[in-house]
Amino acid sequence: MADTSRHEQHAELVRRLAAAVRGASLYTPEHPIIQRGADALAGLCQRALVDQEALVIGLIGDEVVVNGERLLRSATALVGFVRDLQEREIEKVTIARGVTRDEIRAFVFELADRRAAIPLQTRLEQKGVRRVTIGRINVEQAEEESTGIAAARRIYGAAVETAESLWESAKAGDQPDPGAARRIIDSLAKMVSQDRTSLMALTALKRYDNYTFTHMVNVSVLAMAQARSLNLEGPLLREFGFAALMHDIGKVHTPLEVLNKPDKLTREEFDLMKQHVVDGAHILRRTPEMPALAPVVAFEHHLRQDLSGYPENIGHRDLNLCTQIVSIADVYDALRSKRIYRDGLPSDRIRAIMTEKDSPAFNTKLLRRFINLMGLFPVGTLVRLAGDEVAVVTHEHPGDPFRPQVKVLLDRLGAPIEQPGLVNTWEPDARGDFPSAVVEAVDPDSVNLDPLAYL
Amino acid sequence: MPEVTPVSPEHLRSLSAFARSLVAAGRSRALYPPDHPAVRTSVDRLASALRRAGATQPLALGITPDTLILDDAPLPGDGPVAEAAAWLHERDILRLLFLPDADGPALQALLALLAEDPRTVRQRGGPAAAWTAAGHPAIGIEQIDFSQVLEDRDVEHPARRKDDLWRAIVQAVIDRRKTLDEAVQRRLLEISGNVLAIADLAQDVMAPSRAADGSPMLTSQAAAVVAAYHHLVGIVDVMEPARRAEVMQNLASATASLDPRVVLQMLGGPDEAGIAATGAAGPGIKRSLADAFDDVKVAQLLATTLALDGQATGRLAEVFDTIAPDEPRKRRVLTLTQSLLSETSFGQTTQFKTLWTSMEELLLTYNEKPFVSSDYQQGLDGAGARAERMASGDVPADLAALVDTLGQDNVRRLSCILLVDLLRLERDPARAPELARDVAALAEDLLLSGDYDDALMVSSALAEEAQRPGAVTREGCRQALDALAGTPAFVEAAGGLADMADGEAGLFEAICGRIGPAAADALVRWLDVDEMTTGRARATRIIGSYGARAVSRLSGLAGAPNWYARRNAADLLGEIAAPEGVPLLQPMLRGADPRVTQAAVRALSSIDDPAAARAVHTVLRAAGGTQRLAVVNALVAERDPRVVPVLMRILDESEPFGTDHAIVLDTLQAIGQIGHDQAVPSVTALMTRRRWFARGKSRALKQAALSALRAIGSSAAETAITEARDHGDRLLRRLARDLGGPSHG
């Protein structure tokens, strides 16, 4: 068989499989659409297996490979299919010669069943499916990164360099190399999850003084930290990192003079600036291996909760978690970082901007969680202490903003304290611990207190 | 020696772009079949780059292993040019000639040859021989005479021999092997003394580090070159330490010939402990190379990079700081750089002055001081730990619910919405057709999986854009919708029309509405049945909804072999009632099957257009007695008042005393049978007509008219009879009197 024809046959087969699995989640097994889909898929498999022993559909990253041949990424349905299998850690589907229509049907339905407690392979065996098997691909494990400052420095440096090369590729009209991005996201995700303290501080080095690229990496790290705080991990955590890293890639088409203009943009300039969300979505949706969320986030990250912001004139949607988290990280890092034309803003100012009353920009609960994550406790903030008491911040520590002076208002049982006393949370006890350490910010409404009344 | 005209910076840039496009297209052609979109795109780019590089003149390029030669002058060996040269050289090509008519097919043929394994091409006598046999006259190829070249190289450049030892060194560098045998070490010493051999080695170790699309992976390439340099310096440090300075100078010279982006990576990356690993002492490669760069070399590197990027990056500033840490040297080099740039087209642009100021500022002010505030640093410092602590606690229910927005179905839907939004917002005419095709492909996938909800959303977007005045996507969307109607996915979905539940069928009908009449092609097969099945009813409704636009789609059905298919076509055309349907209906009147004839007459009667009546009239005129009778019977069979206007038109347009006499009589009889009041004026008018020398025909006509009026029996008809009896011509009065009064009961 000619290579072209074989390629098309494989592409059609994967497309049919994706459609059949999707259909199986929408209809009952008896529905004619499902019957037809299974028949068509079985027919394709049988034809393809006339001169091949087996069909091995492999998923490497976001690539689909059939019998060693990489398929072009086509439409969203296929992308969704790949993502679905990745989430369930299925990296390989093998269909052997002699496969029957019943086996194909059973496989499609078992694959579509995402709620079953029994592992898929076991269910397939129970259904007598012998000629369709699933598995993992043996990929050589990358050398384990050593931990510590040196490793973190290397990873952060490599991340900024990768961000730069992704940017340059996109600018040249080429597709950014998702392999390079994935490698660095893997390392950053590992650092976020494991070596928690040493990595983040490295963003503070002038060494990587190119706002565009450091911003890409910082937003990626901040987004992954937020996602991790929601107990997300594994491929999904990396998808956040990926989407956040690439969220501004559309700016490669924004004129430099607009991008770097320190003054207020004119209407025309702002129109040009706004185009970056559309351009970014285009770049990412055409890039192979790009997670499905990445173009969505690139497109949506300037939308507010009520869908105001930009792009304008778009269809209704509920903003997904990744977009909301990246929006917070994006604005926060932008305000925090030093730019040519201004210093980074102080934390209380940023907090005031981001939590502006009645602002629909961010999800309030996610924002509060982010504030806790970043440990921003300006004067007047209600906080919970390590002993579960509730206190109001009365003074920030000049050298350590995470250990302020506080006035304790509620005891550990939530009862009001008649004569609130001041506690210096920076003072260690005899064992060197900080018994009154601030744990998190507290919503005043949730404890029915007006912190300003105690200042 | 002939004088060589220097290549202008603009021409150089276009040649560089051409070289890059050629290699990229070649690699693309090696990966994909010729009709693959990636290949088509790359060929288009190549053709465009060739036009820019060659204008309208023949373009002849000589090839050396290191660079391309134009008009006897080697082009400066920047990345793409050097890369293309090496790539073509590997394929044994000595010279390429592109004539002005070297277009897509010629370039496709060239790429096919270049994509072949060079060994296979050699077996066929080399690229020139293969091209002569199967190439295109718009491109000429000369090939390398290898026997001579290898002989020369062996004699003149023993260090550059690409023999097994050379390949072993390249592989050892790529594999990052630390232990090398004695022969390899001797060869490394040899290479370290020859700048060209070092540059060759650098090119060879960089070669495998390329992305799938052929673009260089700069970090990996830089790392490979640094690894090769470590080997060279390491062996010199151990075996001939006195040569270290000389070798470092050679390395710097060789480095200057590399792609400046690779050089930036080399000098900007961490100074690995590579020297220590080879057991040598002394400063690291990065520092040593930096020291070996004189002001001119640094200025050239800066100028090339700035011209390519159009801006200074932090990375460039870092490298510059490494090479020239002291400010006086920085300023000296920047002055030289500005002077070099001022001779390029980039340096002559109006915005250059502004850009230069910002570039100069960044390059001069770079330092290693902290970049963000200390409290941001501290905030980041603890974020990971806090994230872990928060993850270990309970996630609030409303936030946990937000995690569901990342579910498979939601992300899929978001991707659909995104594509639809992109379509609506598209302003780029170049991107529009492709985007419309992508959206249609998505609709196809959704149809295939039975997701009619989303398929409707996507097809609605296409339909709206196809109708939006001034939309750049308008034409692309129209074409995409038409193409969608012919896809296996749509045909398959249409095939399941009868099996769909009402809800699904409603969605599918709406999708068909968005696609437009092209969808009818996949639906008409449902009309090839006698009974009124669910499928037929649904398909009829959908096709009928297109109105006149669907008529041409029914021509096949109207000429189908089965009578019921033709009847159904006629019924549908009658329902549509558009004049465009008349040409399809008229032949049905002549057919042998009275059921079809009847349906056709019914349909024509529904069409409020003179053409419909004319069609019946024409058939009546042309047909013989039996056939005409069949048509007339069809006209009256259902006593359908809608046929009355048709009959009236026939009366009005016929010549009752000429060849149409019999038709008129039949028509009057038909009018009588239908018995509708509307025909009275036409019948009355006909009744009063007379002609000399046609007494027999006049009599028959008047008699038939009076009979028709009597059969109609309405008060208007009876008034007309009375009027004829009292005031008609003599013959008419007599006939009317003979007719008598109306019968009652």
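**Student:** So what's going on with the overall build of chain B? Residues and values would help.
**Tutor:** On a plain count of helices and strands, chain B comes out with 41 helices and five strands. Here chain B, with 745 residues, has 53% of them falling under the buried criterion. Long-range pairs, those at least 24 residues apart, make up 69% of the contacts in chain B between residues at least 6 apart in sequence. As displayed, chain B offers around 32,100 Å² of accessible surface, 54% of which is attributable to carbon and sulfur atoms.

**Student:** Could you give an account of the overall build of chain A, with specific residues and numbers?
**Tutor:** Of regular secondary structure, chain A possesses 16 helices and ten strands. Counting every position in chain A, which comprises 455 residues, the buried fraction comes to 55%. Long-range contacts, defined here as pairs at least 24 residues apart, represent 64% of the contacts in chain A between residues at least 6 apart. Within the structure as shown, chain A displays about 19,500 Å² of accessible surface, and the carbon and sulfur contribution to it stands at 49%.

**Student:** How would you summarise the side chain of Arg16 of chain A if you had to cite specific residues and measurements?
**Tutor:** In this fold, Arg16 of chain A is placed in helix α1 (residues 3–26). A distance of 2.8 Å separates the side chain of Arg16 of chain A from the side chain of Glu492 of chain B, its partner in a polar contact. Those residues within four positions of Arg16 of chain A in sequence are excluded, and the remaining contacts are Ala40, Leu41 and Leu44 of chain A together with Leu448 and Glu492 of chain B.

**Student:** With reference to specific residues and values, describe empty space enclosed by the protein.
**Tutor:** All names here are of chain A. For the structure on display, the rule yields ten cavities of 30 Å³ or more. As a volume, the largest cavity reaches approximately 100 Å³. Along its surface, the largest cavity is lined by 13 residues, and Ala20, Ile33, Ile34, Gly37 and Ala38 are the ones closest to its centre. Counting residues per element, the ones that place at least two in the lining of the largest cavity are α1, α2 (32–48) and α4 (101–112). Looking at side-chain class alone, the lining of the largest cavity contains eight nonpolar, three polar and two charged residues.

**Student:** Lay out the packing of aromatic side chains in plain terms, naming residues and giving numbers.
**Tutor:** Residues and elements named next belong to chain B. Summed over all chains, the structure comprises seven aromatic pairs over all chains. Here the aromatic rings of Phe18 and Phe98 are separated by 5.4 Å at their centres, their planes lie at 85°, and the arrangement is edge-to-face. With Phe18 in helix α1 (residues 9–31) and Phe98 in strand β4 (residues 93–98), this pair connects stretches of sequence that are 80 residues apart. With respect to burial, Phe18 and Phe98 carry one shared label: buried. When the centroid spacing of 5.7 Å and the interplanar angle of 75° are considered together, the rings of Trp563 and Tyr564 count as edge-to-face. Overall, Trp563 belongs to the buried group, its relative accessible area being 19%. Looking at Tyr564, the relative accessible area reads 23%, which means it is partly exposed. Of the aromatic side chains, those joined through ring pairs into one cluster are Tyr452, Phe490 and Phe508.

**Student:** Lay out the confidence of the model for chain A in plain terms, naming residues and giving numbers.
**Tutor:** The predicted coordinates ought not to be read in detail in places where the model reports low pLDDT. Residue and element names in this part refer to chain A. Counting all residues, the mean pLDDT for chain A is 80, and 84% of those residues have values of 70 or more. The least confident element of chain A is helix α3 (residues 76–87), whose mean pLDDT is 68; the most confident is helix α12 (residues 293–300), at 95. Confidence drops under a pLDDT of 50 for residues 138–145, and excluding neighbours within four residues, the segment shows four contacts in the predicted structure. Here residues 195–209 scores under 50 on pLDDT; set against residues more than four positions off or in separate chains, the count is 62 contacts.

**Student:** Requested: an account of the side chain of Thr394 of chain A, with residues and values cited.
**Tutor:** All names here are of chain A. With respect to the helices and strands, Thr394 occurs in strand β7 (residues 390–395). Classification of Thr394 by relative accessible area gives buried; the value is 13%. Apart from residues no more than four positions distant in its own chain, Thr394 is found in contact with Val379, Gln405, Val406, Lys407, Leu422 and Leu455.

Analysis parameters
- Within each chain, residues carry numbers counting from 1 in the order of the written sequence.
- Going through the entries in the order they are written, you letter the chains from A and number the ligands from 1.
- The predicted origin of the model limits local features to residues at a pLDDT of at least 70 and limits the giving and counting of side-chain atom pairs to 80 or more, whereas totals for whole chains, interfaces and linings rest on all residues.
- By convention in this description, side-chain values take in all heavy atoms of the structure and omit both hydrogens and water.
- Secondary structure elements follow DSSP: runs of H or I no shorter than four residues count as helices, runs of E no shorter than two count as strands, and numbering proceeds from the N terminus.
- We call a residue buried when its accessible area falls under 20% of the maximum for its residue type, exposed when it is over 50%, and partly exposed in between, using a 1.4 Å probe and counting protein chains only.
- Pairs of residues are marked as contacts when any of their non-hydrogen atoms sit within 4.5 Å.
- Values of accessible area rely on a 1.4 Å probe in the Shrake-Rupley scheme; residue burial ignores everything except the protein chains shown.
- As used in this structure description, the phrase polar contact means that two N or O atoms lie within 3.5 Å; if the pair is within protein, one of them must be able to donate a hydrogen and the other to accept it, and residues adjacent in sequence are counted only when both atoms belong to side chains.
- Using protein atoms alone on a 1 Å grid, points that fit a 1.4 Å probe yet trap it form a cavity, whereas open point sets bounded by protein on both sides within 12 Å along at least five of seven lines form a pocket; residues with an atom within 4 Å of a point count as lining.
- Grid points are joined across faces, edges and corners, and a volume is the space filled by probe spheres set on the points.
- Charged residues are taken to be Asp, Glu, Lys and Arg, nonpolar residues to be Ala, Val, Leu, Ile, Met, Phe, Trp, Tyr, Cys and Pro, and polar residues to be all remaining types, Gly included.
- Only Phe, Tyr and Trp rings take part, Trp by its six-membered ring, and two of them pair if their centres are within 6.5 Å. Stacked means planes under 30 degrees apart, edge-to-face means over 60, and tilted covers everything else.
- As a per-residue measure, pLDDT tells how confident the predictor is, with possible values from 0 to 100.

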